[in-house]
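A look at the structure
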Amino acid sequence: MKLQKMIEAAKLYYLYDYSQQDIASKLGVSRPTVSRLLQQAKEEGIVEIRITDPTENNRLLEQELEQAFGLKKALVAAVPVYEDDVIKTHIGQLTADYLNELVQDGDLIGTSWGTTLYQVALHLEKRHVNNVRIVQLKGGVSHSETKTYATETVQLFEQAFDAKSYQLPLPAIVDHVVVKQAIEQDRHIRSLLELGKEANIALFTIGVPKTDSLLFQVGYLTEEEERYMMEHAVGDIASRFYDHEGNICNESLNARTIGIELHELGKKDQSILIAGGAKKVAGIRGALRAKYANVLVTDSYTARMLLQYEAVE
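Quantities reported herein were computed from a predicted structural model and do not represent experimental measurements. (Residues numbered from 1 in each chain as written. Predicted model: local features only at pLDDT ≥ 70, side-chain atom pairs only at ≥ 80, totals over all residues. Heavy atoms only, no water.)

**Considerations on the packing of aromatic side chains**
Here the structure, examined in full by the defined rule, presents four aromatic pairs. Ring centres 4.9 Å apart and planes at 90 degrees place the aromatic pair Tyr-13 and Tyr-14 in the edge-to-face group. Measuring from ring centre to ring centre gives 6.1 Å for Tyr-242 and Tyr-292, while their planes differ by 70 degrees; the resulting arrangement is edge-to-face. Residue Tyr-242 is found in strand E7 (residues 240-242), and its partner Tyr-292 is found in the loop between helix H14 (281-289) and strand E9 (295-299); the two are separated by 50 residues along the sequence. With respect to burial, Tyr-242 and Tyr-292 carry one shared label: buried. (Phe/Tyr/Trp six-rings, centres within 6.5 Å; stacked < 30°, edge-to-face > 60°. Helix = DSSP H or I, 4+ residues; strand = E, 2+ residues; numbered from the N terminus. Buried < 20%, exposed > 50% of the residue type's maximum accessible area, 1.4 Å probe, protein only.)

**Concerning the sheet that holds strand E1 (residues 73-77)**
Spatially, seven strands are ordered E1-E9-E8-E5-E2-E3-E4 in an open sheet, and the strand pairing comes out parallel. Whereas interior strands pair on both sides, the edge strands pair on one side only; in this sheet they are E1 and strand E4 (164-166). Adjacent strand axes in the sheet meet at a mean angle of 15 degrees, parallel and antiparallel pairs treated alike. Against the sheet, helix H7 (residues 150-160) contacts strand E2 (108-111), strand E3 (133-136), E4 and strand E5 (201-204), and its axis sits at roughly 170 degrees relative to E3. (Pairing = 2+ DSSP bridges. Axes fitted to C-alpha atoms, helices over the stretch in contact; angles between N-to-C directions. Contact = heavy atoms within 4.5 Å.)

**Description of the packing of helix H1 (residues 2-15) against helix H2 (residues 20-27)**
Where H1 meets H2, the closest approach of the two axes is 10 Å, and the angle between their N-to-C directions is 140 degrees. Taken as axis vectors, H1 and H2 run oblique relative to one another. In the crossing of H1 with H2, the sense of the turn from one axis to the other is right-handed. Two secondary-structure elements touch here, H1 through Lys-5, Glu-8, Ala-9, Leu-12 and Tyr-13 and H2 through Gln-20, Ile-23, Lys-26 and Leu-27. By residue class, the composition of the contact of H1 with H2 is five nonpolar, one polar and three charged. (Parallel < 35°, antiparallel > 145°, perpendicular 65-115°, else oblique. Left-handed = near helix turned anticlockwise from the far one by under 90°. Nonpolar A, V, L, I, M, F, W, Y, C, P; charged D, E, K, R; others polar.)

**Some remarks on unusual backbone geometry**
Leaving glycine aside, a negative phi is the common case for residues, and trans is the common case for peptide bonds. Phi at Asp-162 is positive, roughly 45 degrees, even though this residue is not glycine. According to the relative accessible area criterion, Asp-162 is exposed, its value standing at 57%. At Ala-238, a position not held by glycine, the phi torsion is positive, near 50 degrees. Among the structural elements, Ala-238 can be located in the loop between strand E6 (235-237) and E7.

Below, the structure written as structure tokens:
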């Protein structure tokens, strides 16, 4: 009889969210008796309480990513659903948390643009640091009305760290090499590009060479160039397209691109790649293989896919 009451009390309390007072009324016993029944149910193994901490699993994923790709650090966000907008929000928050601890007096932060970097900027907290500077790693002037969030991202970083900001008032890609060469002869532009090289922290994401990609939408490339990239490239960083091994896909297009060179990224103290989603797995792998990043911020689903692909090879 007591065992039956113990089981019934446990079911009402743990499965149906009855209060102990309600259980007491239903079973015709006192509330202290219900409390004893629930305690005994745990002691005798009738009730087992298990707490699943997703951060423990994520830390294991982080360690495996660090080992597999030779990273200084990997950060893995738990996401409730594997959808791009949700992923961007969560990895943006995780990156912002990391930066809130990382950024110190005198840091020079280089950032690219796009919706992922904008999410990072939105989640930054106000920090009391001195002499921090923010510089764009690539031009953010668009040929279309598509929003790149280039200006907004820099402004939010500036506000969070009370920093001085430097924007590149240029398109990321121009039509002719001679145009780029002429632009880079300008003393002001040349100093901004040098700042990007000198940055000790770099933040960037990966674009996917698909018809709906932000870089395609802003009108930098011809239709022929877009088709070529969709066939040969796995991603772009700072508007520079590369293949599965991280090699530049089209040297002539790369020669018309204004901004930081990919090999410069890997030299940073903190070269932080922020990317997640099934469409970006190949691009992330290519970037990590080429050592363009030494810190990766991604989501748990993408982390598992990256590790599975590496295990196969």
